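# Examining the three-dimensional arrangement
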Amino acid sequence: MIRRPPRSTLSSSSAASDVYKRQVSTQSTGNTNSSMSTINVMVNGLPGAMGQEVCAACLRRGFNVVGIALTGPGRSGSTTTITLPDGPEHTVTLLAAGSPEAEAEVSKLVEELQGNVIAIDFTHPTAVNPNAEFYGKMGLPFIMGTTGGDRDALTTCTQAAGVYAVIAPNMCKQIVAFQATMEMMATQFPGCFNGYQLNITESHQSYKADTSGTAKAMVSAFSALGPEFQVDQIQKVREKEEQLAFGVPEEALGGHAWHTYSLTSQDDAVQFEFKHNVCGRRTYCEGVADTVTFLKAHIDNKSEKKMFDMIDVLRAGDMN
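What counts, and at which threshold
- Residues numbered from 1 in each chain as written.
- Predicted model: local features only at pLDDT ≥ 70, side-chain atom pairs only at ≥ 80, totals over all residues.
- Heavy atoms only, no water.
- Pairing = 2+ DSSP bridges.
- Helix = DSSP H or I, 4+ residues; strand = E, 2+ residues; numbered from the N terminus.
- Axes fitted to C-alpha atoms, helices over the stretch in contact; angles between N-to-C directions.
- Contact = heavy atoms within 4.5 Å.
- Polar contact = N/O pair within 3.5 Å; in protein donor to acceptor, adjacent residues only side chain to side chain.

Strand pairing in a sheet is mediated by backbone hydrogen bonds. Such pairs are either parallel or antiparallel. Strands sit in the order β10-β9-β11-β12 across an open sheet of four strands; the sheet is mixed. The outermost strands of the open sheet, each flanked by one partner alone, are β10 (235-237) and β12 (271-279). Pairwise comparison of adjacent strand axes, ignoring direction, gives a mean angle of 10° for this sheet. Where strand β9 (residues 197-204) lies against strand β11 (residues 256-264), eight bridges are found, and the strand directions are antiparallel. Paired with Ser-203 across the strands is Trp-258, a residue of β11. Lying over the sheet, helix α8 (residues 213-224) contacts β9, β11 and β12, oriented at roughly 20° with respect to β11.

Further remarks concern the side chain of Ser-203. Relative to the elements of secondary structure, Ser-203 occurs in strand β9. There is a polar contact of 3.5 Å between the side chain of Ser-203 and the side chain of Gln-243. Within the structure, Ser-203 has its side chain in polar contact with the side chain of His-256 (distance 2.8 Å). Not counting residues within four places of it along the chain, the set of residues in contact with Ser-203 comprises Val-237, Arg-238, Gln-243, Phe-246, Val-248, His-256, Ala-257 and Trp-258.

Printed below as a string of structure tokens:
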């Protein structure tokens, strides 16, 4: 479920939103003296495909992708390279999350950059909570795009650490806006689909370990509209033949996010269907880059509110 803060909390962040808008405006003019040129990001989850594309999106925005990143076991000490068309190669050294080497190198990085670095996490569901604890220990602001883990513990840990963070299972701005719209509908018209049967089917690349965080988040809104439905009833599609039958283009099997939500009346005479089908990862990665700019503005403005979601990012506006 997308948790929206009270109206008074949202209005109190308007000053930071103004800073955010000034940063975006300065970026678009190409002014190299702007604070945008000092945004440093550590993209954790490399050499994964999402991490690679997030790096590319950040480099396109003019962010500095630092030379180290947290990764899973078995890859520590190796390097990965990100290359933009007509751009220089960017090499990142990988460090095993939770290792003494990672703690030493990240501590050194934070000191060298005087805390001016934001961690971006697209790792693995099993790494969500230990990584968040690590960011808190290091005093690192972070963006948690990884789904899964214990989300309540994630919130508690982040609040206790007092670091700035955006936690969101989906960073495609348009999909998040759709989620918010459905929640508003559930609030204003509760029970309007009483007696209807709900089916939720989601398909992602075969190596996505957990059920879609977006699909999970939609369950509460749809349930408030009337249908009885549990998260474990979501149909998770990961096999190639099933994905093709679901309509996923073959060329997108390695990176896609297809969701269908259908509501059917008891007599099968009426059906409502909602879909959002994404091929590739770029729309999510551009949302991540917008989120970096948003979070940096709140850090620079010393915002009293420190933990955000994508609804906060959407409300700030001026996204690319």
